[in-house]
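Structural overview for review
Each chain, written out:
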Amino acid sequence: MKITVRDTTKGMEVYVAKKDLEELIVEAEHPGIWGGWARLTNGWVFDMPAYDTPPALPVTIDARRLSTE
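Definitions and limits used
- Along each chain, numbering runs from 1 in the same order as the chain's sequence is written.
- For this predicted model, a pLDDT threshold of at least 70 governs which residues receive local features, and a threshold of 80 or more governs which side-chain atom pairs are given and counted, while totals over whole chains, interfaces and linings are taken from all residues.
- Just so you know, side-chain values use all the structure's heavy atoms and leave hydrogens and water out.
- Strands are labelled as partners when DSSP assigns at least two bridges between them.
- Helix numbering and strand numbering both begin at the N terminus, where a helix is a DSSP run of H or I of at least 4 residues and a strand a DSSP run of E of at least 2.
- A fitted line through C-alpha atoms serves as each axis, taken over the contacting stretch for helices, and the angle formed by two N-to-C directions is quoted from 0 to 180°.
- Within 3.5 Å is the distance limit for a polar contact, defined as a pair of N or O atoms, with the added protein rule that one can donate a hydrogen and the other accept it, and that residues adjacent in sequence qualify only through two side-chain atoms.
- The contact rule is simple, with two residues in contact once any of their heavy atoms fall within 4.5 Å.

Quick look at the sheet that holds strand β7 (residues 64-67) now. Ordered in space as β6-β1-β2-β3-β4-β5-β7, the seven strands form an open sheet in which the pairing is antiparallel. Two strands lie at the open edges of the sheet, namely β6 (59-62) and β7, each paired on one side alone. For this sheet, the mean angle separating the axes of adjacent strands, direction not counted, is 40 degrees. In this sheet, strand β2 (residues 11-16) lies alongside strand β1 (residues 2-8) in antiparallel orientation, the contact comprising five bridges. Bridged to V5 within β2 is V14.

Quick look at the structure:
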């Protein structure tokens, strides 16, 4: 699923264009969110791609959704 990750004053946010959804990242497996799972405020969990050097934000990536809570 294509998602856009951006930095806001409230924290890191994910935008899912297909669902017209904007949610904050509230929990992550790793401090930088890359290379593990990231949980959104609505309960969705995404498997985030790993990068040697974190990309500049905002960035559109292909992330796999692990749950639909």
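Mapped onto the secondary structure, T4 falls in strand β1. Reaching out from T4, the side chain makes a polar contact with the side chain of T60 at a distance of 3.1 Å. Beyond its immediate chain neighbours, meaning those up to four positions away, T4 contacts E13, V14, Y15, P58, V59 and T60.

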